[in-house]
Amino acid sequence: MTREKYALIDCNNFYVSCERVFNPKLVGKPVVVLSNNDGCVVARSNEAKKIGVTMGVPYFKVSHLEKEQGLIALSSNYPLYGEMSNRVMTLLGEFAPRQEVYSIDECFLLVGGMSEFEQTARQIKATVQQSLGLPICVGIAPTKTLAKLCNNVAKSTTALAGVLDYDSVSEDKQTRMLRAIKVREVWGVGRKLAEKFHDMGIDTALDLRQSDADLMAKQFSVVTKRTILELRGTPCVGMESVGEARKHIVSSRSFGRAVYTLEELEEAVTSYASKACEKLRRDQSIAGEVAVSVRTSAYADDSFGDGEVISLPSATDDTMLIVKHALQALRMVYKPGYAYQKASITLGKVMPREGRQISLFSVTEENEKSEKMMKALDATNARFGRGTIFLAGEGIDQSWQMKAEHKTPAYVSDWDEIPRVRV
């Protein structure tokens, strides 16, 4: 019998690669993508890494490289990255019986029993490149932890051409590979844990594999024991259920400038609540409570932050009802005279819509009217682009929106921004 195996597929430099699909002039250039408000570097091309740009560095510290090294900075374009992620995950799901989407640019495929999957992996790599223009790497191993490590090695070793099957190399090469990998690079081992391991003389993935699993479980946790066993080739972490409902939905953004007035905060909260409700309905869920929080800069002399939670009369996915209670919560925490930097909306007590319990005092006709209205709202925005129909309370100008001075067009989600080719 062919033993169970996992493939970890990861898109290389995902945000930058998405930008390059629609702007080939960026290929071969040092490119970085910035966080909200164009603050820090959250993605780098290989060329940017070579000129010394580190992950998470504030952009103002490396902005001089624009003139000195030709560095190109782009604002985060989340609608583009989200749509490209959906497309690549849909494509990858066709190659295996089970798929677990791990993050926006990574997924696991269960490939146990599929013979010669290394050859299939190279076919997947070519298909994604041809169909979507995105470069990927594939790590294949008997455990998810080893698959992650194989993926990293495949990404950093040119000779492997982006694919590494752990079982295809000799035990001696496996040992040398694990010896070369720092323990902090092992899936599930963070910086603090790596520091504790270092004090015990455990500095590499090989050191961790050779440690006493039972003793490590007593000293740290059962998770550490599972990691050790996975490094030895024993599967301890299986495929998670696809589409597991989330328990909370958060919509949060920093403002592009300081916000002082209640009116502008109401616009932001209405906008964030509307986005959260879109996610809620997309998940076929309803929420039983809404929480609102606001805060100033933590570095301000008179810093301030507060939040309020309101339980809804009955769980709902109606944007207007949720916005109504969100604004009520906002007015309870707002204090004039402060320079607010951020607002957050959290929908709590999220549950599947099919298990909905109607309030004793609710009117069936009103519920049906609400459902029809939300369906019409979502259908219109899905067809003609997000924001085609929106609540007036979200505002028109929205000058408080976060800074995105280097944002590229919404190539795949806005009809007005679709690339045009002149023949």
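Just above sits the structure.
Since we're looking at a predicted model, the values are computed, not measured.

Bringing the overall build of the protein chain into the picture now. Looking only at helices and strands, the protein chain has 14 helices and 13 strands in total. What you see for the protein chain is a C-alpha radius of gyration of 24 Å, in line with the 22 Å of a compact globule of 423 residues. Principal axes of the C-alpha set define a box for the protein chain whose edges measure 65 × 60 × 55 Å. Expressed as a percentage of the 423 residues in the protein chain, the buried residues total 43%. For the protein chain, the share of sequence-separated contacts (at least 6 apart) that also reach a separation of at least 24 residues comes to 67%. Distance from the positive charge centre (55 side chains) to the negative charge centre (53 side chains) of the protein chain: 3 Å.

Here we come to the sheet that holds strand β5 (residues 98–103). The strand order β5-β6-β1-β7-β8 describes an open sheet built from five strands, whose pairing is mixed. Across the chains shown, the open sheet's two edge strands, defined by having one partner strand only, are β5 and β8 (163–165). Strand-to-strand twist across the sheet, computed as the mean angle between neighbouring axes with direction ignored, equals 15 degrees. Examined bridge by bridge, strand β7 (residues 136–141) and β8 share three bridges and lie parallel to one another. Its bridge partner lying in β8, Gly139 is registered against Leu164.

With that out of the way, let us pick up helix α4 (residues 78–92). End to end, α4 covers 21 Å across 15 residues, agreeing with the expected 21 Å (1.5 Å per residue, within 8%). Restricting attention to buried positions, one finds in α4 the residues Leu80, Tyr81, Met84, Ser85, Val88, Met89, Leu91 and Leu92. Angular distribution of buried residues about the axis of α4 spans 155 degrees; they occupy a single face of the element.

The full count for this structure, using the stated rule, is zero disulfides. With no disulfide of its own, Cys107 lies 8.1 Å from the sulfur of Cys11, the closest cysteine sulfur. Considering cysteine sulfurs only, Cys150 is the nearest to Cys236, which forms no disulfide, with 17 Å between them. Exposure remark for Cys236: the relative accessible area of 30% places this residue in the partly exposed category.

Another point: the packing of α4 against helix α5 (residues 117–132). Packing of α4 against α5 brings their axes to within 11 Å, and their N-to-C directions diverge by 145 degrees. Like other packed secondary-structure pairs, α4 and α5 cross with a definite hand, here right-handed. Along its contact with α4, which presents Met84, Arg87, Val88, Leu91 and Leu92, the element α5 presents Ile124, Thr127, Val128, Ser131 and Leu132. In terms of residue class, the contact of α4 with α5 is made up of seven nonpolar, two polar and one charged.

In this structure, Pro235 sits in the loop between α11 (222–231) and β9 (249–259). Once residues lying within four places of it in the same chain are set aside, the contact partners of Pro235 are Tyr6, Pro142, Thr143 and Glu230.

A word on the packing of aromatic side chains. If you walk through the whole model with that rule in mind, you get 13 aromatic pairs. With 5.6 Å between their ring centres and 40 degrees between their planes, Phe108 and Trp187 make a pair best called tilted. Taken as a pair, Phe108 in strand β6 (residues 106–110) and Trp187 in the loop between α7 (171–180) and α8 (191–199) lie far apart in primary sequence, 79 residues in all. A relative accessible area of 21% places Trp187 in the partly exposed class. For Lys144, the ring lying beneath its charged end belongs to Phe108, and the centroid distance is 4.6 Å.

Our focus in this paragraph is the pattern of salt bridges. Within this structure, the stated rule accounts for 16 salt bridges. One salt bridge in this structure joins Glu100 and Lys144, with 2.6 Å as the shortest N-O distance. Taken together, the residues span a long stretch of sequence, with Glu100 in strand β5 and Lys144 in helix α6 (residues 144–156) at a distance of 44 residues. Note on accessibility: Glu100 and Lys144 belong to one class, buried. The structure contains a network of salt bridges with shared partners spanning Lys5, Asp165 and Asp167.

Reading the values: the criteria
Residues numbered from 1 in each chain as written. Predicted model: local features only at pLDDT ≥ 70, side-chain atom pairs only at ≥ 80, totals over all residues. Heavy atoms only, no water. Helix = DSSP H or I, 4+ residues; strand = E, 2+ residues; numbered from the N terminus. Rg over C-alpha atoms; globule rule 2.2 N^0.38 Å. Buried < 20%, exposed > 50% of the residue type's maximum accessible area, 1.4 Å probe, protein only. Contact = heavy atoms within 4.5 Å. Lys, Arg positive; Asp, Glu negative; His and termini not counted. Charge placed at Lys NZ, Arg CZ, Asp CG, Glu CD. Pairing = 2+ DSSP bridges. Axes fitted to C-alpha atoms, helices over the stretch in contact; angles between N-to-C directions. Expected span 1.5 Å × (residues − 1). Arc of directions from axis to C-beta. Disulfide = S-S within 2.5 Å. Left-handed = near helix turned anticlockwise from the far one by under 90°. Nonpolar A, V, L, I, M, F, W, Y, C, P; charged D, E, K, R; others polar. Phe/Tyr/Trp six-rings, centres within 6.5 Å; stacked < 30°, edge-to-face > 60°. Lys NZ or Arg CZ within 6 Å of the ring centre and 35° of its normal. Salt bridge = Lys/Arg side-chain N within 4 Å of Asp/Glu carboxyl O.

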